[in-house]
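# Results of the structural survey
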Amino acid sequence: QGNIKIVVFEDMKCSNCKRYDTEIYPYIKSHYIDTGKAQYTLIPLAFIRNSMPAGNAALCVYHQKPELFFAYVDYLYRHQPDEALDWATSDTLTQFAQQVSGIDMQAFATCIKNNTYYTQLQQNIGLAGEVMGGTVQTPTLYINGYLISPMSIIQIEKVVSTLR
């Protein structure tokens with residue numbers, strides 16, 4: 001049980017990540033995470049123009065209340081404006097956080113104002129560059145170290161079936 005390790009790299013402003021979050025992640029969640037078959041790790045990146053605040057906001061929630069992290073990320077993706085727009089502002093990210101019950105808004109505001117996790121986001125980019133061989137793309141999904149490409153439920157099942 002739980003011998004499958006799933007790691008995904010995402011940028012909170014990435015439109016393909018939004019598609020992943022709404023189309024593929026629910027399948028992974030119901031078939032692997034909720035059943036206890038897999039450990040799931042999302043590593044936030046911020047390399048799209050003006051995406052640092054969004055990555056920081058996600059990490060602010062994670063470090064405050066890990067159990068609310070995916071609720072926040074999911075809300076963010078479901079309400080994400082176009083990637084080309086400069087929408088990842090403290091006002092927008094705070095409005096999103098207000099929609100997730102249980103987030104301490106005062107602590108969240110302080111975390112946003114202080115850019116608390118910018119260094120971690122920069123370290124995550126370094127890690128992603130190493131793992132991906134220099135070209136960072138999002139979303140990028142690995143299962144037990146195998147790159148899932150093309151990214152599809154069929155490909156996920158193919159890789160998982162080789163692990164059993």
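Right, let's walk through the structure included here. (Residues numbered from 1 in each chain as written. Predicted model: local features only at pLDDT ≥ 70, side-chain atom pairs only at ≥ 80, totals over all residues. Heavy atoms only, no water.)

Three or more residues of helix 8 (residues 153–163) are buried, namely Q155, I156, V159 and V160. Projection of helix 8 onto a plane perpendicular to its axis shows the buried side chains occupying an angular sector of 130 degrees, all on one side. Across from the buried face of helix 8, at angles greater than 90 degrees, the exposed residues are I154, K158 and T162. Contact partners of the buried residues in helix 8: strand 1 (4–11), helix 2 (25–33), strand 3 (140–143) and strand 4 (146–147). (Buried < 20%, exposed > 50% of the residue type's maximum accessible area, 1.4 Å probe, protein only. Helix = DSSP H or I, 4+ residues; strand = E, 2+ residues; numbered from the N terminus. Arc of directions from axis to C-beta. Contact = heavy atoms within 4.5 Å.)

Turning our eyes to something else, we now look at the state of the cysteines. In this structure the tally under the stated criterion is one disulfide. The disulfide partner of C60 is C111, and the gap between their sulfur atoms is 2.0 Å. Here C60 and C111 share a disulfide; its torsion about the S-S bond, -85 degrees, makes the bridge left-handed. Remark: C111 occurs in helix 6 (residues 105–113) and C60 occurs in helix 3 (residues 52–64); sequence separation between them is 51 residues. (Disulfide = S-S within 2.5 Å.)

Scanning all chains against the criterion turns up nine aromatic pairs. For the ring pair Y75 and F96, a centre distance of 5.5 Å and an interplane angle of 70 degrees mean the geometry is edge-to-face. Of this pair, Y75 sits in helix 4 (residues 69–78) while F96 sits in helix 5 (residues 90–98), placing them 21 residues apart in sequence. Between W87 and F96, the ring centres sit 6.1 Å apart and the planes meet at 45 degrees, which makes this aromatic pair tilted. A residue is classified by how much of its surface remains accessible, and W87, at 5% relative accessible area, is buried. The class of F96 is buried, set by a relative accessible area of 7%. (Phe/Tyr/Trp six-rings, centres within 6.5 Å; stacked < 30°, edge-to-face > 60°.)

For the rest of this paragraph, the subject is the environment of A46. Position of A46 among the secondary structure elements: in the loop between strand 2 (38–45) and helix 3. In this structure the C-alpha to C-alpha distance between A46 and L121, which are 75 residues apart in sequence, comes to 6.3 Å. Beyond its immediate sequence surroundings of up to four residues, A46 is in contact with D11, S51, M52, L121 and I125.

What follows concerns the packing of helix 1 (residues 15–23) against helix 4. Between helix 1 and helix 4, the least distance of the axes is 9 Å, while the angle of their chain directions is 120 degrees. Regarding the angle of helix 1 to helix 4, the classification is oblique. The hand of the helix 1/helix 4 crossing is left-handed. From helix 1, C17, K18, D21 and T22 reach across to helix 4, where they touch V73, D74, Y77 and R78. Residue composition of the contact of helix 1 with helix 4, by class: three nonpolar, one polar and four charged. (Axes fitted to C-alpha atoms, helices over the stretch in contact; angles between N-to-C directions. Parallel < 35°, antiparallel > 145°, perpendicular 65-115°, else oblique. Left-handed = near helix turned anticlockwise from the far one by under 90°. Nonpolar A, V, L, I, M, F, W, Y, C, P; charged D, E, K, R; others polar.)

The next point concerns the sheet that holds strand 1. Spatially, 2-1-3-4 is the arrangement adopted by the four strands of the open sheet, whose pairing is mixed. The sheet is open, and its two borders are formed by strand 2 and strand 4, each paired with just one other strand. In this sheet, strand 2 lies alongside strand 1 in parallel orientation, the contact comprising eight bridges. Its bridge partner being in strand 2, I6 is matched across the sheet by Y40. Sheet strands in contact with helix 1 are strand 1, strand 2 and strand 3, and its direction is about 140 degrees off that of strand 1. Sheet strands touched by helix 4: strand 1 and strand 2. Its angle to strand 2, the strand with the most contacts, is close to 55 degrees. (Pairing = 2+ DSSP bridges.)

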